[in-house]
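# Results of the structural survey
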Amino acid sequence: MSREAAPRRSPAELALSIGVLALGVAAAVGTAMLPSHGGYAGIGPNFMPGVAGAGLILLGIWLLYEVLTGGWRNMPPQDAETRGEHAFHPGAFVWVSVGLFAHMALIQTGGFVIAGSVLFACVARGFGSPRLAHDLAIGFTIALAVFLFFALLLTVSLPGGWLGPLFRLAGVE
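Calculation notes
Residues numbered from 1 in each chain as written. Predicted model: local features only at pLDDT ≥ 70, side-chain atom pairs only at ≥ 80, totals over all residues. Heavy atoms only, no water. Helix = DSSP H or I, 4+ residues; strand = E, 2+ residues; numbered from the N terminus. Rg over C-alpha atoms; globule rule 2.2 N^0.38 Å. Buried < 20%, exposed > 50% of the residue type's maximum accessible area, 1.4 Å probe, protein only. Contact = heavy atoms within 4.5 Å. Areas by Shrake-Rupley, 256 points an atom, 1.4 Å probe, with all protein chains shown as cover. Lys, Arg positive; Asp, Glu negative; His and termini not counted. Charge placed at Lys NZ, Arg CZ, Asp CG, Glu CD. Phe/Tyr/Trp six-rings, centres within 6.5 Å; stacked < 30°, edge-to-face > 60°. Axes fitted to C-alpha atoms, helices over the stretch in contact; angles between N-to-C directions. Parallel < 35°, antiparallel > 145°, perpendicular 65-115°, else oblique. Nonpolar A, V, L, I, M, F, W, Y, C, P; charged D, E, K, R; others polar.

## Brief notes about the overall build of the chain
What the chain contains, in helices and strands, is six helices and zero strands. Its helices and strands taken in sequence order, the chain reads α-α-α-α-α-α from the N to the C terminus. Since a compact globule built from 173 residues should have a radius of gyration of about 16 Å, the 25 Å found for the chain marks it as more spread out than a globular shape. Seen along its three principal axes, the alpha-carbon backbone of the chain occupies a region of about 85 × 55 × 20 Å. The 173 residues of the chain split such that 25% are buried. Expressed as a percentage of contacts within the chain between residues at least 6 apart in sequence, the contacts between residues at least 24 apart total 56%. Total accessible area computed for the chain in this model is approximately 12,000 Å², and 71% of it derives from carbon and sulfur atoms. Here the chain contributes 8 positively and 8 negatively charged side chains, and the mean placements of these two sets differ by 2 Å.

## Concerning the packing of aromatic side chains
Tallied over the entire structure, the rule returns three aromatic pairs. When the ring of Phe147 is compared with that of Phe167, the centres are 4.3 Å apart and the planes differ by 20°; the resulting orientation is stacked. Of this pair, Phe147 sits in helix 5 (residues 132-153) while Phe167 sits in helix 6 (residues 164-169), placing them 20 residues apart in sequence. The exposure class of Phe147 is buried, given its relative accessible area of 1%.

## Overview of the packing of helix 3 (residues 90-106) against helix 4 (residues 112-126)
Two elements in contact, helix 3 and helix 4, have axes whose closest approach is 7 Å; the angle formed by their N-to-C orientations is 175°. One element, helix 3, and the other, helix 4, form an angle in the roughly antiparallel class. On helix 4, the residues touching Ala92, Trp95, Val96, Val98, Gly99, Leu100, Ala102, His103 and Leu106 of helix 3 are Ile114, Ala115, Gly116, Val118, Leu119, Cys122, Val123, Arg125 and Gly126. Of the residues in the contact of helix 3 with helix 4, the class split is 13 nonpolar, four polar and one charged.

## Things to note about the environment of Ser36
Position of Ser36 among the secondary structure elements: in the loop between helix 1 (11-32) and helix 2 (47-68). Since its relative accessible area comes to 52%, Ser36 is described here as exposed. When the C-alpha positions of Ser36 and Ala121 are compared, they lie 48 Å apart, and in sequence the two are 85 residues distant.

Keep in mind that these numbers describe shape and distance, not what the molecule does.
See the structure below:
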């Protein structure tokens, strides 16, 4: 008689499954504390959190079932190179991170357009572009277009920063 192998149970898969289930239960408990009376539509402020909590509970149960019956199936190989992924490039990571931090630092003082231009140029550099001035110009054009779209069409105020006086002269902002 052959003995069937016990199903594979990964501690990481089990922990993640239980974590998703616990998050769903926590969301459901928090949702139960919200008021349920709705306005004219009859849907109260607890509706969407309840849907999200129920979805997380169902997903947690499904993942837990998968773990307990043999592990997650059809998982890609654990080796990044086998999956066709590129190796981690610290320089690219640093450039993108610098761009994000520069954007956070510049958004209030330099304004949306300047911060967006710097972010675009840093991300482009992280992806291997050697043309800083070209990337700044493209970033400026895109950020300006987004700024004008928000300011003129959506009437949403974004920080003008150092270009604020020019925007006010043009009647924008």
